[in-house]
Amino acid sequence: MKILIVEDEHKIANSIKKGLEQENYVTDVAYDGTQGLDLAVGEDYDLIILDRLLPGMDGLTICTTLRKKQIHIPILLLTAKGQLNDRVEGLNAGADDYLVKPFAFEELLARVRALLRRPQKTAENKLTVGELSLDTSTFQVERGTKSITLSQKEFALLEYLMRHANKVITKDQIINHVWNYDTDILPNTVEVYMTHLRNKVDRIFPDKLALIRTVRGFGYMISDKEV
Ligand code: CA
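The shown structure was predicted, so the numbers you read here are calculated from the model rather than taken from an experiment.

Draft legend 1. Up close: the packing of helix α6 (residues 152-163) against helix α8 (residues 189-203). For the pair α6 and α8, the least separation of the axes is 10 Å and the interaxial angle reads 80°. By the angle class used here, α6 and α8 are roughly perpendicular. The residues of α8 that touch α6, namely those facing Lys-153, Glu-154, Leu-157, Leu-158 and Leu-161, are Tyr-193, Met-194, His-196, Leu-197, Lys-200 and Val-201. A breakdown of the residues in the contact of α6 with α8 according to their chemical character gives 7 nonpolar, 1 polar and 3 charged.

Draft legend 2. Here's a closer look at the coordination of the calcium ion. At this site the calcium ion is bound by Asp-8 (OD), Asp-51 (OD) and Leu-53 (O), with donor distances of 2.1 to 2.3 Å. You can call Asp-8 partly exposed: its relative accessible area is 26%.

Draft legend 3. Spotlight on the packing of helix α7 (residues 171-178) against α8. Their axes nearest at 10 Å, the elements α7 and α8 cross at an angle of 85°. Considered as vectors, α7 and α8 are oriented roughly perpendicular to each other. Of the residues in α8, those touching α7 at Lys-171, Ile-174 and Ile-175 are Val-190, Glu-191 and Met-194. Looking at the contact of α7 with α8 residue by residue, the class counts come to 4 nonpolar, no polar and 2 charged.

Draft legend 4. Up close: the packing of aromatic side chains. Enumeration according to the criterion identifies 2 aromatic pairs in this entry. Geometrically, the ring pair formed by Phe-139 and Phe-155 is edge-to-face, given 5.4 Å between the ring centres and 80° between the ring planes. One end of the pair, Phe-139, is in the loop between β7 (132-135) and β8 (141-143); the other, Phe-155, is in helix α6, and 16 residues separate them in sequence. Look at Phe-139 and you get partly exposed, because its relative accessible area is 30%. Overall, the relative accessible area of 3% leaves Phe-155 in the buried class. When the centroid spacing of 5.4 Å and the interplanar angle of 70° are considered together, the rings of Trp-179 and Tyr-193 count as edge-to-face.

Draft legend 5. The arrangement of the sheet that holds β7 in detail. Strand order across the open sheet formed by 4 strands is β6-β7-β8-β9, with antiparallel pairing between neighbours. Because the sheet does not close on itself, it has two edges, and the strands there are β6 (126-129) and β9 (146-148). Within the sheet, the average angular offset between the axes of one strand and its neighbour, ignoring direction, is 25°. Here β8 runs beside β9; their pairing, made up of 3 bridges, is antiparallel. Within β9, the residue paired with Arg-143 across the bridge is Lys-146. Against the sheet, α6 engages β6, β7 and β8, with an angle of about 115° to β7.

Draft legend 6. How the structure looks around the nonpolar core. Ranked by size, the top nonpolar core spans 27 residues in total, and within it Leu-132, Leu-158, Ile-174, Met-194, Leu-197 and Ile-222 carry the most contacts. Those elements that provide at least two residues to this core are β6, β7, α6, α7, α8 and β12 (219-222). Residues within four places of Ile-174 in sequence aside, it is in contact with Leu-157, Tyr-160, Ile-169, Trp-179, Val-190, Met-194 and Tyr-220. Among the nonpolar cores identified, the runner-up in size contains 21 residues, and Ile-48, Leu-54, Ile-75 and Ala-95 belong to it.

Draft legend 7. Structural view of the environment of His-10. Along the chain, His-10 turns up in helix α1 (residues 10-22). Residue classification places His-10 among the partly exposed residues on the basis of a relative accessible area of 43%. With 21 residues separating them along the chain, His-10 and Tyr-31 place their C-alpha atoms 7.1 Å apart.

Draft legend 8. Looking closely at the pattern of salt bridges. Applying the stated criterion across every chain, the model contains 15 salt bridges. Measuring nitrogen to oxygen at the nearest pair gives 3.3 Å for the salt bridge that ties Lys-101 to Glu-9. Of this pair, Lys-101 sits in the loop between β5 (97-100) and α5 (105-117) while Glu-9 is found in the loop between β1 (2-6) and α1, placing the two residues 92 residues apart along the sequence. Arg-67 serves as the salt-bridge partner of Asp-96, at 2.8 Å between the closest nitrogen and oxygen. Residue Asp-96 is found in the loop between α4 (84-92) and β5, and its partner Arg-67 is found in helix α3 (residues 59-68); the two are separated by 29 residues along the sequence. Judged by its relative accessible area of 16%, Arg-67 is buried. One network of salt bridges, with partners in common, ties together Glu-7, Glu-9, Asp-51 and Lys-101.

Cut-offs applied
The written sequence of each chain sets the order in which its residues are numbered from 1. Local features in this predicted model are restricted to residues of pLDDT 70 or higher, and side-chain atom pairs are both shown and tallied only at a pLDDT of 80 or more, whereas totals for entire chains, interfaces and linings draw on every residue. Each side-chain value is derived from all of the structure's non-hydrogen atoms; neither hydrogens nor water enter the calculation. Every axis corresponds to a line fitted to the C-alpha atoms, with the helix fit spanning only the stretch in contact, and the corresponding angles, defined between N-to-C directions, vary from 0 to 180 degrees. Labels follow the DSSP assignment, with helices taken as runs of H or I lasting at least four residues and strands as runs of E lasting at least two, numbered in each case from the N terminus. Under this scheme an angle from 65 to 115 degrees is roughly perpendicular, one under 35 degrees roughly parallel, and one over 145 degrees roughly antiparallel; angles in between are oblique. In what follows, a contact means two residues having at least one pair of non-hydrogen atoms within 4.5 Å. Three classes are used, and their members are as follows: Ala, Val, Leu, Ile, Met, Phe, Trp, Tyr, Cys and Pro are nonpolar, Asp, Glu, Lys and Arg are charged, and the others, Gly among them, are polar. Atoms of type N, O and S within 2.8 Å of a metal are treated as its donors, and for Na, K and Ca the window is 3.2 Å; water is not considered, so some sites may appear to be missing partners. Relative accessibility decides the category of a residue: with a 1.4 Å probe and only protein chains considered, values under 20% of the type maximum give buried, values over 50% give exposed, and everything between is partly exposed. A pair of aromatic rings is counted whenever rings of Phe, Tyr or Trp (Trp by its six-membered ring) have centres within 6.5 Å, and the orientation is called stacked for planes under 30 degrees apart, edge-to-face for over 60 and tilted otherwise. Paired strands, as defined in this entry, are two strands with at least two bridges between them according to DSSP. By nonpolar core we mean a set of buried residues, namely Ala, Val, Leu, Ile, Met, Phe, Trp, Tyr and Cys, connected to one another through side-chain atoms within 4.5 Å. In the sections that follow, a salt bridge refers to a side-chain nitrogen of Lys or Arg positioned within 4 Å of a carboxyl oxygen of Asp or Glu.

Okay, here's the thing in structure tokens:
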């Protein structure tokens, strides 16, 4: 899951980023409103954490602009003020939830999880494809009764594939969801990670159906259906 943080106070932005990355979310940070809007429009995020008062363009304007463009990513608005007016204005502008500063990271995380669960049930804790299961709250991956240990990136990659099981996912989609926008991705980076993942998910189970498939010329797909 990829989250955009738009917050001009570097300290707050960086601590949110660090906390979310520890929870295995991929994050990008914009320190002003203009860059925030550019990223929100140009990249593919699952959630935006948006500060209300920002240089460049304020949070409410960003909210309204995104909704006008028919971009319906969940938005969690942060603000230093907690008056009723602010709350109403924020929700009217199209924010999905509202958090008053200062807040505990745990509270932010709870809101983030709730928002990611809400729209398309994309954040159910346990994903399964056949007998392969991945739990996004405990980070456990199992195939049958055997537990599989994955690195953070492998986990993110498998989670992304499993959320779109039985659908072809392109390399670009993988790069956009599993890596930050400013990371240098070599052309074969995705392939390298995919090979690691296959070794752990499929190759150590030679008697079982290979779940991760290459769709030549298009990308990858995870499925437990026979081809
Ligand atoms: Ca601010």
